[in-house]
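Take a look at the letters that make up each chain.
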Amino acid sequence: QVQLVESGGGLVQAGDSLRLSCAVSGLTFSSYAMAWFRRAPGKEREFVSGISWTGDHTYYADSVEGRFTISRDNNKSTMYLQMSSLKPEDTAVYSCAVESAPYGLGGTLSPFGSWGQGTQVTVSS
C-alpha cells in the first residue's frame, strides 16, 4: 500500500521560508515522478511543482517560479519543496502526489494516483 506523509507546514510571516517534506513508502520511490499540489480556502486544487523520476526535469506553476524549489532524495524516499519569499496568497493545504505509473515526468498533465493528507501552510501579512 502506497503511503505519502507530508510534514513541515506551519504559520510564518510574509517573506519567510519553509521546507516541506513528503515521505513515501510502499513503492520504488526512485522510479516514480512526484509533485506538490495546494488547495487554498474556497479554491480549486492547483499544481505547484513536479519532478521527474530521474530528477532531471522540474516544473513550476507561474505563481511560484523563482521562489519555490522542488527536489528529491531517493536514498530517503523523500521529496521536498523549499519555499522562499512566501506570500499570503501561498496560504493553502499542500499535498504531495505520486504518478500512477513509473518513469514519468511529473508535469501538469501527468496522472497522479496516490496522495498524502496534506500539511497546512499559513502566511501572515
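Higher on the page you've got the structure.
Given the structure is predicted, the values throughout are model-derived calculations rather than measurements.

Caption draft 1: Layout of the state of the cysteines. All chains considered together, the criterion is met by one disulfide. The residue that forms a disulfide with Cys-22 is Cys-96, at a sulfur-sulfur distance of 2.1 Å. The sign of the 70° torsion about the S-S bond sets the Cys-22-Cys-96 disulfide as right-handed. In this pair, Cys-22 sits in strand S3 (residues 18–25) while Cys-96 sits in strand S9 (residues 92–99), placing the two residues 74 residues apart along the sequence.

Caption draft 2: The environment of Leu-11, seen in detail. Mapped onto the elements of the fold, Leu-11 is located in strand S2 (residues 10–13). Taking the C-alpha atoms as reference points, Leu-11 and Ser-110, 99 residues apart in sequence, are found 31 Å from one another.

Caption draft 3: Seen up close, the sheet that holds strand S8 (residues 78–83). Pairing is antiparallel across the open sheet formed by four strands, whose spatial order is S1-S3-S8-S7. For this open sheet the edge positions go to strand S1 (3–7) and strand S7 (68–73), each flanked by a neighbour on one side alone. The sheet shows a mean angle of 15° between the axes of neighbouring strands, direction not considered. Relative to S3, S1 runs antiparallel, the two being bridged by five bridges. Paired with Gln-3 across the bridge in S3 is Ser-25.

Reading the values: rules and limits
Residues numbered from 1 in each chain as written. Predicted model: local features only at pLDDT ≥ 70, side-chain atom pairs only at ≥ 80, totals over all residues. Heavy atoms only, no water. Disulfide = S-S within 2.5 Å. Helix = DSSP H or I, 4+ residues; strand = E, 2+ residues; numbered from the N terminus. Pairing = 2+ DSSP bridges. Axes fitted to C-alpha atoms, helices over the stretch in contact; angles between N-to-C directions.

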